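Fold and contact review
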Amino acid sequence: MTIAAVDLGRRRIGVAVTDAASMGAHPLGIVERRALKKDLEAIAAMLRDRQVSTIVVGLPLNMDGSEGPAARGARRFAASIADALGVSVEMFDERLTSFEARERLADMPARKGARKTGLDALAAVVILEGWMQAHPERVPRDDGG
């Protein structure tokens, strides 16, 4: 089974998934935000053939750990994606993930436009990697036997 992660932004949603052996995460792509139904359909299409068991949604907490409007919006989105896709959805603290994604992206050669859209998918990778590190016992392993 695959675990996916989404980084919910105002304009784009970054999507990442675990690799075949669940040893790491890689960016799957982005969804340009339009309307909730269209966004959910686009994410469902991206994940359709991947046997996703869990989706991790980034929870944008304030630096003091409190929840503001963005966190409440992420929780509403998580509930919607759980209903639409019929999978388990978990929240994961995404504080500083955009900063880490920017740092990683700065080290990669890319055009400016590619950097901007790549940032969203890379932020989803950082969220997924963080969740996998926090929950190693829940990461499915394909040990070949």
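The model shown is predicted, which means the values in this text are computed figures rather than measured ones. (Residues numbered from 1 in each chain as written. Predicted model: local features only at pLDDT ≥ 70, side-chain atom pairs only at ≥ 80, totals over all residues. Heavy atoms only, no water.)

Below, the discussion takes up the overall build of the chain. Within the chain, the secondary structure is distributed over four helices and five strands. When the elements of the chain are put in sequence order from the N terminus, they spell out β-β-β-α-β-α-β-α-α. Within the chain, the fraction of its 145 residues that count as buried is 40%. Sequence-distant contacts, at least 24 apart, represent 62% of the contacts inside the chain between residues at least 6 apart. Accessible surface, the chain as shown: approximately 8,100 Å² in total, 51% of it carbon and sulfur. (Helix = DSSP H or I, 4+ residues; strand = E, 2+ residues; numbered from the N terminus. Buried < 20%, exposed > 50% of the residue type's maximum accessible area, 1.4 Å probe, protein only. Contact = heavy atoms within 4.5 Å. Areas by Shrake-Rupley, 256 points an atom, 1.4 Å probe, with all protein chains shown as cover.)

A turn of α-helix holds 3.6 residues, and therefore any two residues three or four places apart point the same way. With 12 residues, helix α1 (residues 36–47) should reach 16 Å at 1.5 Å per residue; the first-to-last C-alpha distance of 17 Å fits that figure. If you check which residues of α1 are buried, you get Asp39, Leu40, Ile43 and Leu47. Buried residues along α1 cover an arc of 95 degrees about the axis, so they all sit on one side. Exposed residues pointing more than 90 degrees away from the buried face of α1 are listed as Lys37 and Lys38. In the core, the buried residues of α1 are packed alongside β1 (2–8), β2 (12–18), β3 (25–32), β4 (52–59) and α2 (69–85). (Expected span 1.5 Å × (residues − 1). Arc of directions from axis to C-beta.)

Bringing the packing of α1 against α2 into the picture now. Here α1 crosses α2 at 55 degrees, and the two axes come no closer than 10 Å. The angle between α1 and α2 places the two elements in the oblique class. Viewed along their axes, α1 and α2 form a crossing whose handedness is right-handed. Residues Leu36, Leu40, Ile43, Ala44 and Leu47 of α1 form the contact with α2, whose own contacting residues are Phe77, Ser80, Ile81, Ala84 and Leu85. (Axes fitted to C-alpha atoms, helices over the stretch in contact; angles between N-to-C directions. Parallel < 35°, antiparallel > 145°, perpendicular 65-115°, else oblique. Left-handed = near helix turned anticlockwise from the far one by under 90°.)

One finds Val6, Ile13, Ile43, Leu47, Ile55, Phe77 and Ile81 to be the most contacted residues of the largest nonpolar core, which totals 16 residues. Secondary-structure elements contributing two or more residues to this core are β1, β2, α1, β4 and α2. Core analysis: the next-biggest nonpolar cluster, separate from the first, contains 14 residues, Ala16, Ala124, Ile127 and Leu128 among them. (Core = buried A, V, L, I, M, F, W, Y, C linked by side-chain atoms within 4.5 Å.)

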